[in-house]
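Topology and contacts: notes
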Amino acid sequence: MVETPGSCSGSGNEHENGARIGVFICHCGGNISDVVDVKRVADEIGKLRGVVLSTTQMFLCSDPGQGLIEQKIKELGLNRVIVAACSPTLHQLTFRRTVARAGLNQFLFEHVNVREQVSWVTEDAEAATQKATRLIRAAVDRVKHLIPLDKRRISIHPAALVIGGGIAGLVAARDLAQRGMKVTLVEKQPFLGGRVAQLHTLFPTGEDARDALKRVIEEVVSHELVNVITNAQILDSEGVVGDFRTRIRIEPRGANSQLRQRASAVAACPEQTINEFDYGLSQRKAIYMAYPGCYPPIPAIDWNVCTKCGKCLWAVGGRGINLAEQPREMVLHSGIIVLATGFDPYEPLYGEYGYGIFPRVITLQQLIRLLDPLGPTGGRLPRNDGEPTRIAFIHCVGARQIEGVNQRQPDGKVKDYCARTCCTGALHAALEIRRRHPEVMITDFYQDIRTYGRGHETYYEQASEAGILFVRYDPRHPPRVEGNPKGDSPLLVRTSDLLTGGLDVEMPADLVVLATGVVPHDISELVGMYHCAVGSDSFLLEVHPKLRPVELAVAGVFLAGSCQGPMDVTEACAAASAAASKSAALIAQAQVEMDPFIAKVDEELCTGCQTCLTVCPYDAITRDETRGIAVVSEARCTGCGTCAATCPSNAIQQFGFNDAQVLAEVKALLQGAALG
Amino acid sequence: MAKIRERYDALVIGGGIAGMQAALDLGEQGYDVLLVEKEPSIGGVMVGLNKVFPTLDCSSCICTPRMAEAAHHARIQLQTYTEVERVEKKGTGFAVHLVKKPRFLIEDDCVGCNLCELACPIDVPHEFDYGLGARRAVYIPHGNAIPQTAVLDVENCVFCGKCEKVCPTHCFDFTQEAEEVTTSAGAVIIATGLQITPMAAKKEYGGDTFVNVMNPLGMERIQSSNGPYGRVLRPSDGKIPRSIAYVQCAGSRDRSIGIPYCSRVCCMYALKQALLLTHYIHGVEVTLYYMDIRAFGKGYEQFYRRAVKEGVKATKGKVAKITEADNHDLILRVEMLDENGRVEERRHDLVVLAQGLVPGWHVGGVVDAEEAEDGFLLTPEAKVSPSHTTMEGVFVGGVAAGPKDIPDAIVEAGEAAMAAANYLERIGWRAMAGAVLGASAAKQEVVETWEMH
Ligand SMILES: Cc1cc2nc3c(=O)[nH]c(=O)nc-3n(C[C@H](O)[C@H](O)[C@H](O)COP(=O)(O)OP(=O)(O)OC[C@H]3O[C@@H](n4cnc5c(N)ncnc54)[C@H](O)[C@@H]3O)c2cc1C
C-alpha cells in the first residue's frame, strides 16, 4: 500500500454537510499506474474539501485491497467511498459488497473508471493523469450529494423458460427440472433435437448421436416438472428478471396423438418438398416425421406445402388429423429465460469452391447425412464404377476468412473466426470413409489442423497413419475447384502446397467436401426482444467470458450452447448445465435484488401531461386516472432516465442520479476542463 | 479459520479458478461447501498469470475478486494447506479424511503483518515465481494470497527464532504437528487442475539445464508487474532479451514423452506472451515455432491475426534440438516445415518452451474414481454429462478433466456444480435445499404431452 503522505488530513477536512470521503486509486498491477501517475492523482485529490483519505493500492479488488477499504472506513469513519479503478461493469459490485461489509450503505459508493476510459486509451501520461484527476474530482463533488438507498426486491416466479430444443436446451431443461424447477421448453420446429439429430456418430466417443439425444429427450419429457411445446415461436416478451411474461404462438401440428397409422398418412401425401433435415439431399412429404425415433413421435404438417387435399385424412380413416386446426397463443410466466437457439452450418456462396456449380461439391454436413445408414442414400457415397473414389476435403470454408481475400458475406463481413468443430468433424468423417472403403484416396487441404479437444488428436494421428494426404494451403491463396476436362474424376482441386515449399498440386477428385464453419441461427427477433448484446462474429455476447460466461447483460436471461459461439456437443452441454446452475442459484434466493436507481414521480409537481408515458421505452409508466398523475412501476423501470430528462415540470427524479448529484458532477467536470 | 464441521453438502478438492467457481455455484444455490486446497493459498495457476487471452485483462483482476468472494461466502468454508487423505463411500454420502499440514503458527492469531517475513534471514527460491524470485523461510505466499496467513517452511528454517520475537500476536508454535480431521459430504467435486509438463521431459531441449530456456509460467511471472524482476530480463545475465523463441508443442502432441494429446492452451498463451513482449521490449523479435496454430476459442483467431500483425513471427517449424552457446544464447535446430523440411540453425537469446498440461494430482488411493489413459479423470458420459466420473457422487471440473483454458474451465465448473446439486437432490442429502425451489413452484399451464415410443 502506498499511502499518500499528508493526505490523511483527519477530521479537519470534513465537508460542510458532514461528508467524510475516502478515495482509493488502483494501480491495477500496472494497467493503470503504467500510464497514470496515480500518486500524483492521489495527492491532488487529497487536497479537496471533504476528502479524508486519498490513497493508492496495487490491486484494490484483491482481498488485501478490499480489506484496506473496509479497515479505513471503520478507522476513519468514512461515509463516502470512491474507488478509481477498472470499468464498473467489472468490479462495481465487488466494491459495493466491500463497502456494505464495513457497515456503510453500499450506495454511498462511487466507481470511477480510470482504466478503460483513461490508461487504456492513451499513452500520453500527462493527459491521462489530468483526466483521471478530473474524473475523480467530479466524483468527489457528486458523492457529497449521495443519499443512502435500499435495493429493490422482486420476488422470483420459480419457473424457467428455455427457448430452443436442441441438445443444449434439453440439457438445461433436464438440469433445472431435476433441481426442482418448473420448466417450459419451447422449440420452433415441430420436432426436438436440433442439429445433433442430423449427426450419425459423435466424436470422440463414437457413440450414436441419436441414441445420446434420445436419452436426454426421454429424461426431459418424462419429468413431471417439464412442459415441452414444439412448433411454437416467441411473439413477444415483457417484464424483468423474476417476472417475465412471454407470449408464444403454437402453430397447428395438423396431427395429434390419436393418429395411429402414421406411416400410411405420410405415404398417402402427394406433395413433396426439399428435406432440410438432409440438407437438400432428399425430399420429404408435406406431412412428415423429421427422422426415425424423433420426438414427438407424431407427424407434423408443413402448411407451406400442404394443399389440404385430404389424402392423408382418407388414408387413416379421419382419425388423428385435423386440417382445419388453428394456431393458438399463450402467455408463459417465468422467472428466468435460457436462450439455447443454436447454430446453422455456414452455407457456401454460389461458386465458392465450385459449390452450386458442381453437384459433386458438397458440405461436410451433407457428407455426414450421406454416411448415415439412416440417411438419404442408406449410407452410400456417390462413386465411380470400378475406379477408386478420390475425395478431397477443404478446411476453413466460411471460417478464418480474410478481408480482401474472401468474398464478403451478405452482412458485409467476412467470417474471420475459427469454427472450432470442423477440423475434428472432417477427420472423423474422413476416417469413417476409410474404414468403410479402404481403397478411397483422401486428400485434406488445410491451414492448421485444430484437433484440440480431449481425444481429438487421435483422429489426426490416425488420419496420418491411414495414409490421408495433407496439403497445406496458404489462406491468402485458397485452393480452386474446377471441372476436370480429362481423366475420370469430374473435379480438379488446385493449390500450392506449403509443406513442399510451394509445389503446385493438381488433385483430381470425385467428391469435394467443404468443411464449412458455423454461423448463429437467425434470432434477430429475440435479439431485439431481449436487448441481447451481439459480438462482431454475430453470436450472442456474454457479459464477461470469465466472470459471467453464460449470462447476458439483461438480468435473468442466460445463454446455453452454440448460440454463443461454435461449440461441440460436450461444450454445449457443459455451457447448458452452467446456465442451469446460475438460474437455479437465482431462483434459490426467491427474491432478486435490483439496483434502486429508478425514477420517482413527485406527486405535487406532476401535472399528468403524460409526456413520460410516451417516452418510456419499457412501458414502465402508467397514469393513475383517479389522481391524474404518472406512476412508475418499480419492477419494470430500468433506470434509463429518459422520463426524468423529458418531464416538462421537473416532477421526475431518479434515485442515484438526481439533479443535485448530476449537476455537481457536471460542474466539477467542466471546471476541470477549463483548467486542463 | 473456522473449525471443520461434521457434515457438508459438498467437498470441493482444489481451490483454483475451477474449484472456486464450483464452490460459489453450489454456495449460491444454498449448499454448504468445504473447499480444500493443498497449498497455503487458493487461486491455483491463474493467480500467478500476468494477463489473459484474448482480452488481455489482468489475470489478478478476474481471479483475486473470485478468491475474495469464495473466502467471504457464508456457505463456503476454506481449508487451505490441507491434503485429502481418503474419500470413501459411507452410507448415502462420503467419509472424508483430511490432513491439515502444520504452518507452525496458529492460523487464527496470524494477522498477516509481514513482520516475521522481514525478520527471517533465510532466502529460498520462491515457488510462486517458479524459482525466479526469492522468499523467506517464513512467508506469506504472495501479495494476493488468501488467506493472508504466514507459513513456515521447516525444510529451510534454521530455527533462529527471529520470527517469533517480532510476531506481535505470538502466534508461532514450532511444535505444531499435522492434524488429522474427518468430516463427511454428500457429493465431491474434483478440481485439482494442472501442472505443466516437467521441463526435463524432452532432453533435446535442455529445459532443465540451460538457464535461458524458460518455463512458460516463469515467463508469466517475469511479465507481471508484481513479478520477481519487475520487467522482462533473461535469467543468465539480467540483460534485456532481443530475440526470443517459443517452441510450441514442447510438452504435448508427442508420443515420445508419453503426452500424445493437445494441451489446448499453449498456442494461445504463447501468442499472448509474445504479443505482450513486443509491447514490453522495444524492437524485440519474437518467433513461434509451431506445428499447427490452434486458436479455436471465441475471439482467438482474431487475436492470432492481431499478434502477427503487430510483429510476432509465426513459423511452421519443428525444433529438433537446442544447444547452448558460450554466452548462454541458444541455438535451435529447426526443421522448416513450410520449406520442404529444410533444416536451419537459429540463434536466440531466450527460449520459452510451450509446455503442455498434465494432471495436477492423481486420485489413486484417495478417491476411487478412474483415470483415463491420458491421466486425467475419466468421464464416461463425456458428451451430455461431461462432469460425471466413474464414481457416483464424484464429479470433475476444470483442467482435472483434461486441458482447457480459463473460460472453458469456469463453464465446466458450473456444470460440475449443477450435476452435484442434482445428485444431492436425488439422494435426498438435504431435503431442505430442494424445497426452496420445489415447494413454492407455481402452477404452470400444461399444454399437451406426448407419449414416448
Ligand atoms: C503458461 C500458461 C499460461 C496460461 N495463460 C492463460 C490465459 O491467458 N488464458 C486462459 O484462459 N488460460 C490460460 N492458461 C490456462 C489456465 O492456467 C487454466 O485453464 C486454469 O488455471 C485452470 O484452472 P483449474 O482450476 O482447473 O486448475 P488450477 O489453476 O491448476 O487449480 C487447481 C488447484 O487445485 C489444487 N490442488 C491440486 N491437487 C490438490 C489436492 N490433492 N488437494 C487439494 N488441492 C489440490 C492446486 O494447488 C490448485 O490450487 C495458461 C496456462 C499456462 C500453463
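**What about the pattern of salt bridges?**
Under the criterion given, the structure shown has 86 salt bridges over all chains. When the shortest N-O distance is used, the salt bridge between D57(B) and R115(A) registers 3.3 Å. Of this pair, D57(B) sits in strand β4 (residues 57-58) while R115(A) sits in helix α4 (residues 115-119), placing the two residues on different chains. There is no split in this pair, since D57(B) and R115(A) are both buried. Where R472(A) meets D448(A), a salt bridge forms, and the shortest distance between an N and an O atom there is 3.7 Å. Remark: D448(A) occurs in the loop between β21 (441-446) and α12 (457-465) and R472(A) occurs in strand β22 (residues 469-472); sequence separation between them is 24 residues. D448(A) shares its class with R472(A); the two are buried.

**Section: the site of the ligand**
Residues and elements named next belong to chain B. If you check the shell around the ligand, you find 35 residues, and the closest are E37, V45, K272, K404 and I406. Within the backbone of A18, an N or O atom sits 2.9 Å from an oxygen atom of the ligand. In this structure, L194 approaches the ligand through a main-chain N or O atom, which is 3.1 Å from an oxygen atom. Starting from 1,000 Å² of accessible surface for the ligand in isolation, the protein chains cover 98%.

**A word on helix α1 (residues 17-28) of chain B**
Between the first and last C-alpha of α1(B) there are 16 Å, a value that for twelve residues agrees with the 16 Å anticipated at 1.5 Å per step. Of the residues trailing α1(B), G30(B) is marked for its positive phi of about 100°.

**Points about the sheet that holds strand β10 (residues 232-240) of chain A**
Residues and elements named next belong to chain A. Sheet architecture is open: three strands sit in the order β10-β11-β16, paired in antiparallel fashion. The sheet is open, and its two borders are formed by β10 and β16 (328-334), each paired with just one other strand. Taking the axes of each pair of neighbouring strands and ignoring which way they run, one obtains an average angle of 20° across the sheet. Pairing of β10 with strand β11 (residues 243-250), which is carried by eight bridges, proceeds in the antiparallel orientation. If you follow S237 over to β11, its bridge partner there is T246.

**Notes on the sheet that holds strand β8 (residues 182-186) of chain A**
Residues and elements named next belong to chain A. Here five strands make up an open sheet; going across it, the order is β9-β8-β7-β17-β28 and the pairing parallel. Edge positions in the sheet fall to β9 (226-229) and β28 (557-559), since each of these pairs with one other strand and no more. Recorded for the sheet is a direction-independent mean angle of 20° between the axes of neighbouring strands. Across four bridges, the pairing between strand β7 (residues 159-163) and strand β17 (residues 336-339) is parallel.

**Describing the interface of chain B and chain A**
Opposite the 96 residues of chain B that make contact, chain A presents 110 residues. Buried surface at the junction of chain B and chain A, summed over both partners, amounts to about 8,100 Å²; 53% is from carbon and sulfur atoms. Joining chain B to chain A, the criterion identifies 13 salt bridges. Of the charged contacts, one joins E457(A) and R253(B) as a salt bridge, the two residues approaching to 2.6 Å between their closest N and O atoms. Viewed at the interface, chain A and chain B are joined by 48 residue pairs in polar contact (both at pLDDT 80 or more).

**Re the domain arrangement of chain B**
When the parts of a complex come together, some accessible area is lost, and that lost area is often taken as the interface size. All names here are of chain B. Per the domain assignment, the segments making up chain B are domain 1 (7-101 + 178-193 + 360-430) and domain 2 (197-356). Spacing between the C-alpha centres of domain 1 and domain 2 amounts to 31 Å. Tallying the contact residues gives 16 residues for domain 1 and 21 residues for domain 2. Summed over both sides, the interface of domain 1 with domain 2 buries roughly 1,600 Å², with 63% coming from carbon and sulfur. Summed over the three residues of domain 1 that lose the most area to domain 2, namely N50, F53 and L56, the buried surface amounts to 38% of that side. At the boundary of domain 1 with domain 2, the tally comes to one salt bridge. Here D408 makes a salt bridge to R264, at a shortest N to O gap of 2.9 Å. Where domain 1 packs against domain 2, one counts eight residue pairs in polar contact (both at pLDDT 80 or more).

**Brief notes about the domain arrangement of chain A**
All names here are of chain A. Domain assignment breaks chain A into domain 1 (2-149), domain 2 (159-251 + 328-342 + 526-591), domain 3 (262-315), domain 4 (345-519) and domain 5 (599-655). The C-alpha-based centres of domain 2 and domain 3 are spaced at 27 Å. Taken together, the contacts link twelve residues of domain 2 with 13 residues of domain 3. Between domain 2 and domain 3 we count five residue pairs in polar contact (both at pLDDT 80 or more) in total. Here the side of domain 2 that touches domain 3 is built from residues that sort into seven nonpolar, three polar and two charged.

**Some details on the state of the cysteines**
Applying the stated criterion to the full structure yields one disulfide over all chains. Each sulfur of the disulfide joining C58(B) and C61(B) lies 1.9 Å from the other. Across the pair, exposure class does not vary: C58(B) and C61(B) are buried alike. Distance from the sulfur of C28(A), which forms no disulfide, to the nearest cysteine sulfur (C61(B)) is 3.3 Å. C63(B) takes part in no disulfide bond, and the closest cysteine sulfur to it belongs to C61(A), at a distance of 9.8 Å.

**A few points about the nonpolar core**
Formed by 132 residues in total, the largest nonpolar core has its most connected members in I136(A) and Y246(B). Looking at this core element by element, the count peaks at ten residues for helix α8 (residues 406-427) of chain B. The contacts of Y246(B), once residues within four sequence positions are left out, are M219(B), Q223(B), A270(B), Q273(B), A274(B), L277(B), V286(B), T287(B), L288(B), Y289(B) and V352(B). Among the nonpolar cores identified, the runner-up in size contains 85 residues, and A177(A), A197(A), V216(A) and A572(A) belong to it.

**Details of the environment of N79(A)**
All names here are of chain A. With respect to the helices, strands and loops of the structure, N79 is situated in the loop between α2 (63-76) and β4 (80-85). Separated by 195 residues in the primary sequence, N79 and I274 place their C-alpha atoms 69 Å from one another. Excluding its chain neighbours within four sequence positions, the residues that come into contact with N79 are G18, A19, R20, L104 and L108. At 2.8 Å, the side chain of N79 and the backbone oxygen of G18 are in polar contact. From its side chain, N79 meets the backbone nitrogen of R20 in a polar contact 2.5 Å long.

**Considerations on helix α2 (residues 59-72) of chain B**
All names here are of chain B. Taking 1.5 Å of rise per residue, the 14 residues of α2 would be expected to cover 20 Å, and the 20 Å separating its terminal C-alpha atoms lies within 8% of that figure. Taking burial as the measure, the 14 residues of α2 include eleven buried ones, the bulk of the element. Those residues of α2 lying buried are S59, S60, C61, I62, C63, T64, P65, R66, M67, A68 and A70.

**Looking at the packing of aromatic side chains**
Residues and elements named next belong to chain A. Overall, the coordinates contain 15 aromatic pairs over all chains when judged by the stated rule. Relative to F539, the ring of Y417 has its centre 5.5 Å away and its plane inclined at 80°; by these criteria the two rings are edge-to-face. Note that Y417 is positioned in the loop between β20 (390-397) and α11 (422-436) and F539 in the loop between α13 (524-529) and β28, a separation of 122 residues in sequence. Residue F539 is classed as buried on the basis of its relative accessible area of 0%. Centre to centre, the rings of Y446 and F470 are 5.8 Å apart; their planes meet at 90°, and the pair counts as edge-to-face.

**A look at the confidence of the model for chain B**
The predicted structure's coordinates, where accompanied by low pLDDT, should not be read in detail. Residue and element names in this part refer to chain B. Scored by pLDDT, chain B has a mean of 93; 95% of the residues are at 70 or more. The low-confidence segment residues 432-453 (pLDDT under 50) makes 57 contacts with residues lying over four places distant or belonging to another chain. Interface scoring of the predicted complex returns ipTM 0.93; its pTM is 0.90.

Here is what the cut-offs are and how they apply
- Residues numbered from 1 in each chain as written.
- Chains lettered and ligands numbered in written order.
- Predicted model: local features only at pLDDT ≥ 70, side-chain atom pairs only at ≥ 80, totals over all residues.
- Heavy atoms only, no water.
- Salt bridge = Lys/Arg side-chain N within 4 Å of Asp/Glu carboxyl O.
- Helix = DSSP H or I, 4+ residues; strand = E, 2+ residues; numbered from the N terminus.
- Buried < 20%, exposed > 50% of the residue type's maximum accessible area, 1.4 Å probe, protein only.
- Near = heavy atom within 4 Å.
- Polar contact = N/O pair within 3.5 Å; in protein donor to acceptor, adjacent residues only side chain to side chain.
- Areas by Shrake-Rupley, 256 points an atom, 1.4 Å probe, with all protein chains shown as cover.
- Expected span 1.5 Å × (residues − 1).
- Pairing = 2+ DSSP bridges.
- Axes fitted to C-alpha atoms, helices over the stretch in contact; angles between N-to-C directions.
- Contact = heavy atoms within 4.5 Å.
- Buried area = accessible area lost by both parts, 1.4 Å probe.
- Domains from an automatic or database assignment.
- Nonpolar A, V, L, I, M, F, W, Y, C, P; charged D, E, K, R; others polar.
- Disulfide = S-S within 2.5 Å.
- Core = buried A, V, L, I, M, F, W, Y, C linked by side-chain atoms within 4.5 Å.
- Phe/Tyr/Trp six-rings, centres within 6.5 Å; stacked < 30°, edge-to-face > 60°.
- pLDDT = per-residue confidence, 0-100.

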